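# Tertiary structure, described
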Amino acid sequence: MTAQREESTQVLLRELYRQMLLIRRVEEQAAKAYAQGKIGGFLHLGIGQEPVCVGAISALKPTDYVVGTYREHGHYIAKGGSAKEVMAELYGKATGASKGFGGSMHLFAAERRMMGGYGIVGGHVPLAAGIAFAAKYRGKDDVTLCFFGDGSVPQGAFHEGISIAGLWKLPIVFICENNQYSMGTPLYRTLAVADVTERASGYAVARDRFSGEDVLAVRQHIAAAVERARQTGQPTLVEVITYRFRGHSMSDPGNYRTKDEIEEWKKRDGVALARERLKTEFAVSEDDLVSLEAHIRAEVQEAVRFADESPFPDAEEVWRYVYADPSSDPRKF
Amino acid sequence: MPVMNIIQAVNDALKLEMRRDARVVVLGEDVGKFGGVFRATSGLFEEFGKDRVMDTPLAEAGIIGAAIGMALYGLRPVPEIQFADFIYPAYDQIVNELAKFRYRSGGQYPAPVVIRTPYGGGIRGGHYHSQSPEAYFVHTPGLKVVVPSNPYDAKGLLLSAIRGEDPVIFLEPKRVYRAARGEVPEGDYTVPLGEAKIVRSGSQLTVLTYGAMTHTCLEAAKQSEAAGFDPEIVELRTLLPLDAETVLQSVRKTGRVVIAHEAPKTCGYGAELAALIAERALLSLEAPINRVAGFDTPFPYTLENEYLPSPDRVAAAIKQTATF
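Conventions adopted
- Residues numbered from 1 in each chain as written.
- Chains lettered and ligands numbered in written order.
- Predicted model: local features only at pLDDT ≥ 70, side-chain atom pairs only at ≥ 80, totals over all residues.
- Heavy atoms only, no water.
- Helix = DSSP H or I, 4+ residues; strand = E, 2+ residues; numbered from the N terminus.
- Rg over C-alpha atoms; globule rule 2.2 N^0.38 Å.
- Contact = heavy atoms within 4.5 Å.
- Areas by Shrake-Rupley, 256 points an atom, 1.4 Å probe, with all protein chains shown as cover.
- Lys, Arg positive; Asp, Glu negative; His and termini not counted.
- Charge placed at Lys NZ, Arg CZ, Asp CG, Glu CD.
- 1 Å grid on protein atoms, 1.4 Å probe; cavity = no way out; pocket = protein on both sides within 12 Å on 5 of 7 lines; lining within 4 Å.
- Points joined across faces, edges and corners; volume = space filled by probe spheres on them.
- Expected span 1.5 Å × (residues − 1).
- Buried < 20%, exposed > 50% of the residue type's maximum accessible area, 1.4 Å probe, protein only.
- Polar contact = N/O pair within 3.5 Å; in protein donor to acceptor, adjacent residues only side chain to side chain.
- Domains from an automatic or database assignment.
- Buried area = accessible area lost by both parts, 1.4 Å probe.
- Salt bridge = Lys/Arg side-chain N within 4 Å of Asp/Glu carboxyl O.
- Pairing = 2+ DSSP bridges.
- Axes fitted to C-alpha atoms, helices over the stretch in contact; angles between N-to-C directions.
- Parallel < 35°, antiparallel > 145°, perpendicular 65-115°, else oblique.
- Left-handed = near helix turned anticlockwise from the far one by under 90°.

### Observations concerning the overall build of chain A
Tallying secondary structure elements over chain A gives 10 helices and seven strands in all. For 333 residues, the compact-globule formula gives about 20 Å, and the C-alpha radius of gyration of chain A, at 20 Å, lands near that figure. Excluding contacts between residues fewer than 6 apart, the proportion of contacts in chain A whose partners are at least 24 apart in sequence is 74%. For chain A, the exposed area adds up to about 13700 Å²; of that, 52% sits on carbon and sulfur atoms. Where the 41 positive side-chain charges of chain A centre and where its 44 negative ones centre are 2 Å apart.

As structure tokens, then:
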């Protein structure tokens, strides 16, 4: 590695570490706020899975599209979103990513082409294919990343979406974040063929399967798939093996997994691994990292203050976004 | 002015809008080379090519899902679901994704998809080629639901739907696809969504209807007229948003109401109309509201003429209500 490349890799890894840690701290804070009753609805944390969204999205250019899942706080931040926008949305505040109309599973940023979270498992896969079609139709070289979990794979919509993408040669990368549990049920009890990427052969899409704790490796794998999509229009079905350290949602104590199993996976924590590599391989000082971490802590605290102090949407707003012109709905009487 | 049937009028609207606006694309089963099972997309593939007129796999969730994605990017997709009975595999996409998109993104993403689909019975189609699913969609905030009965409205309403910013379920009355003929202006014009039309003025009672049943009600009105009754027929054209003012005005004038539709009676669209009238014009009523609807059975194969409201059944309801 030349000195220059080494330096740019250091800068890159430092940035990816910053994003991963920010996501983790935001989610830890969200868990606390949920316990305090400040966040309603359902809250699905991706703690443990950060290298997947951060590594994958770092391989994109700004005009590329990201379609997330219901566990998409990390994707939103990796696509350039702020902790404030996420926290305010979780709090249901008018200053949130979706103006308080969505909540945890509905983080949108049109100007950054963050196409939201999706709460119906697998339902977003054909929709992502449609976005990729539109980019191709318009003659743009934008690529769409479509994330989904292993629980999406048996869903009909998953197959319909990937089938259309393969048939029409759409510039899209399907990324299965395989955290090995469909909520509380292990994969071997829900999938007859455990290797998700075997589905690729039926739909003329390329495939790739790897472990997801090394954020730079994730980036490299996804970059290759993104290039393939951009240059040749061939989609790729990617499966990244990962693990969530927390339950499926805040109401899930996770009794279906042993402590030993969780501890074993925590040894492969991608956030800790990135920190370690920064120190050992790239000679980043402990002081530098501590200062970075203090910045993140302050950013999260500021996000909490912002969410706390922001107003809720006005009651009158409940009608606002049903139709383009709210006054066109005569039922509002 | 050329005389067209509804299929030709729909085809004319699609061609006109595709020539005018490169964002408009058509997709669905057999809509391309084959020209659509009812020929509504005939000639589009030849004129606009495979990138704008796409044959899809038999995958309704995939068709509607992809159309939503296209709309989010800024296109104006007009997917066809071959028969309204086949729309149910796409129900999740329509109800959970399409209808809620603008709302759950805090207004950031409109999803202007217009789903065209032939609906209704009277063609000996049996269980899976005859249903009228409008009530499911009217119950879903965020959608608009349009049901034309004639070529002029079909073209004008379709153009309005495609140019609007909201998702639309566009139900085409396949029983009268070819039978309903009329003059249709060449070139551009629109019929706005949300405006009902009085297709027969009358003083004695109000008949509320839409789609293919409009023709049934007009026939029934002839019988009723011969028997000395004078019904007013209000064709709704758009079920959502509903032109409540026109409906209520007519009801307040006549004080008597017959509601006619093909879909099953229970929780059918007529139930909503009846509730609206009860809420806002109860004191004008001089007779119970009378619903003439499909039976609460699966759509029957052999017995479809028993199931479907006939001119005789509507005329009998008119008589019953007028003489109450």
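### Looking at the layout of surface pockets
In this structure, the largest pocket spans a volume of roughly 400 Å³. Forming the boundary of the largest pocket are 19 residues, of which R331 of chain A together with V138, L240, Y269 and E272 of chain B lie nearest the centre. Elements with a minimum of two residues in the lining of the largest pocket: α6 (134-138), β12 (238-240) and α10 (269-281) of chain B. If you tally residues by element for the lining of the largest pocket, the top one is α10 of chain B, at six residues.

### Structural notes on helix α7 (residues 151-163) of chain B
Residues and elements named next belong to chain B. Counted at 1.5 Å a residue, the expected span for α7 with its 13 residues is 18 Å, and the 18 Å between its end C-alpha atoms agrees. Along α7, 11 of the 13 residues are buried, which leaves the element largely enclosed by surrounding structure. Among all positions of α7, only P151, D153, A154, K155, G156, L157, L158, L159, S160, A161 and I162 are buried. Where α7 begins, the capping side chain belongs to N150, and its oxygen is found 3.2 Å from the backbone nitrogen of Y152.

### Observations regarding the domain arrangement of chain B
All names here are of chain B. Segmentation of chain B into domains returns domain 1 (3-183) and domain 2 (197-322). Placing the centre of domain 1 and that of domain 2 at their C-alpha centroids yields a distance of 26 Å. Between domain 1 and domain 2, roughly 2200 Å² of surface is buried when both sides are summed, and carbon and sulfur atoms account for 55% of that area. Inspection of the domain 1/domain 2 interface yields two salt bridges. With its nearest N and O atoms 3.4 Å apart, the salt bridge here joins E262 to R175. The interface formed by domain 1 and domain 2 holds 13 residue pairs in polar contact (both at pLDDT 80 or more) in total. Of all elements in the fold, only α6, β6 (144-146) and α7 reach the threshold of two or more residues within the side of domain 1 that touches domain 2. At four residues, the largest contribution of residues to the side of domain 1 that touches domain 2 is made by α6.

### Quick look at the sheet that holds strand β13 (residues 257-264) of chain B
Residue and element names in this part refer to chain B. A sheet is described by the order of its strands in space; here five strands give the open sequence β9-β11-β10-β13-β14, paired in mixed fashion. Strands with a single pairing partner mark the edges of an open sheet, and in this sheet they are β9 (197-200) and β14 (290-294). For this sheet, the mean angle separating the axes of adjacent strands, direction not counted, is 25°. In this sheet, strand β11 (residues 231-235) lies alongside strand β10 (residues 205-209) in parallel orientation, the contact comprising five bridges. Bridged to L205 within β11 is P231. The strands touched by helix α9 (residues 244-254) are β9, β10, β11 and β13; relative to β10, the strand with the most contacts, the crossing angle is about 155°.

### Let's talk about the packing of helix α4 (residues 83-90) of chain A against helix α10 (residues 286-309) of chain A
Residues and elements named next belong to chain A. As a packed pair, α4 and α10 sit with axes 8 Å apart at the nearest point and diverge in direction by 40°. When the interaxial angle is binned, α4 and α10 end up oblique. As for how α4 packs across α10, the hand of that crossing is right-handed. Residues A83, K84, M87 and A88 of α4 form the contact with α10, whose own contacting residues are E299, E302, A303, V304, F306 and A307.

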